[in-house]
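Structural overview for review
Okay, here's what each chain looks like letter by letter:
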Amino acid sequence: MTTTVNCPSCKAHVVWKTSSTFRPFCSKRCQLIDLGQWAAEENRLPSGANINEQNPINIDIEDIEALLSEQPDDFFKS
Ligand SMILES: [Zn+2]
């Protein structure tokens, strides 16, 4: 049985096998086109998007550190 996929760039049928180096793309050209589109979309994102993604992580780490610093005191008191 042969698995085929559609090339994301040109929708051509691509046989899914190890020799299909650029799968799911039909060719290196289509792979580069798709990578170029991804890079262009990332460049279009406003810089604020990165800050919004990083802030929750920083808050979580601070909360965990606060919990860790409080925890030993409670253990020593009891
Ligand atoms: Zn293609």
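For the structure itself, look to the data block above.
These numbers come from a predicted model, not from an experiment.

Structural notes on the overall build of the protein chain
- Within the protein chain, the secondary structure is distributed over two helices and two strands.
- For the protein chain, the α and β elements follow one another from N to C terminus as β-β-α-α.
- Out of the 78 residues in the protein chain, the part that is buried amounts to 8%.
- Counted over contacts in the protein chain with a minimum sequence separation of 6, partners at least 24 positions apart contribute 7%.
- Total accessible area on the protein chain is roughly 6,700 Å²; 56% of this is exposed by carbon and sulfur atoms.

A few points about the coordination of the zinc ion
- Around the zinc ion, the protein supplies Cys7 (SG), Cys10 (SG), Cys26 (SG) and Cys30 (SG) as donor atoms, at distances of 2.2 to 2.3 Å.
- Classification of the site at the zinc ion as tetrahedral follows from its four donor atoms and the range of 106 to 117° in their angles at the metal.
- If you list the donors of the zinc ion from N- to C-terminus, the spacing comes out as C-x2-C-x15-C-x3-C. Taken together, the positions of Cys7 in the loop between strand 1 (4–6) and strand 2 (13–15) and Cys26 in the loop between strand 2 and helix 1 (28–44) put the pair 19 residues apart, joining distant regions of the chain.

What about the packing of aromatic side chains?
- Scanning the entire structure with this criterion turns up zero aromatic pairs.
- Cation over ring: Arg23 sits above Trp16, and NZ or CZ is 5.4 Å from the ring centre.

Concerning the side chain of Asp34
- Turning to its location among the elements, Asp34 is positioned in helix 1.
- Every residue in contact with Asp34, bar those within four places of it in the chain, is listed here: Pro8, Ser9 and Phe25.

A word on the side chain of Ser20
- Summarising the element assignment, Ser20 is placed in the loop between strand 2 and helix 1.
- Beyond its immediate stretch of four places on either side in the chain, Ser20 contacts Val14 and Val15.

Some points on unusual backbone geometry
- In this structure, the amide linkage connecting Arg23 to the following residue, Pro24, adopts the cis form with an omega of 5°.
- Tracing the backbone shows Pro24 in the loop between strand 2 and helix 1.
- Despite not being glycine, Lys11 has its phi angle at roughly 65°, a positive value.
- Position of Lys11 relative to the elements: it lies in the loop between strand 1 and strand 2.

Quick notes on the rules
For every chain, the first residue of the written sequence is number 1, and numbering continues from 1 along that sequence. Only residues with pLDDT of at least 70 get local features here, since the model is predicted, and only at 80 or more are side-chain atom pairs given and counted; chain-wide, interface and lining totals rely on the full set of residues. The side-chain numbers reported here are obtained from all heavy atoms of the structure, hydrogens and water having been left aside. The helix count covers DSSP runs of H or I at least four residues long, the strand count covers runs of E at least two residues long, and both are numbered beginning at the N terminus. Type-normalised accessible area, obtained with a 1.4 Å probe on protein chains alone, sets the label of each residue: buried when under 20%, exposed when over 50%, and partly exposed for intermediate values. Whether two residues are in contact is decided by their heavy atoms: any pair within 4.5 Å suffices. For the accessible areas, the method is Shrake-Rupley and the probe is 1.4 Å, while residue cover comes only from the protein chains on display. Note that water is not among the atoms used; donors are N, O and S atoms within 2.8 Å of the metal (3.2 Å for Na, K and Ca), so sites may look incomplete. Square planar and octahedral assignments, for four and six donors respectively, both demand that opposite donors be over 155 degrees apart and that all other angles lie between 65 and 115; tetrahedral needs four donors with all angles between 85 and 135 degrees, and anything else is irregular. Side-chain rings of Phe, Tyr and Trp (the six-membered ring for Trp) are treated as a pair once their centres are within 6.5 Å; stacked means planes under 30 degrees apart, edge-to-face means over 60, and tilted covers the remaining angles. Ring-over charges, as used throughout, are those where CZ of Arg or NZ of Lys falls within 6 Å of the ring centre and within 35 degrees of the ring normal.

Honestly, that's just the spatial picture; any functional story needs more than this.
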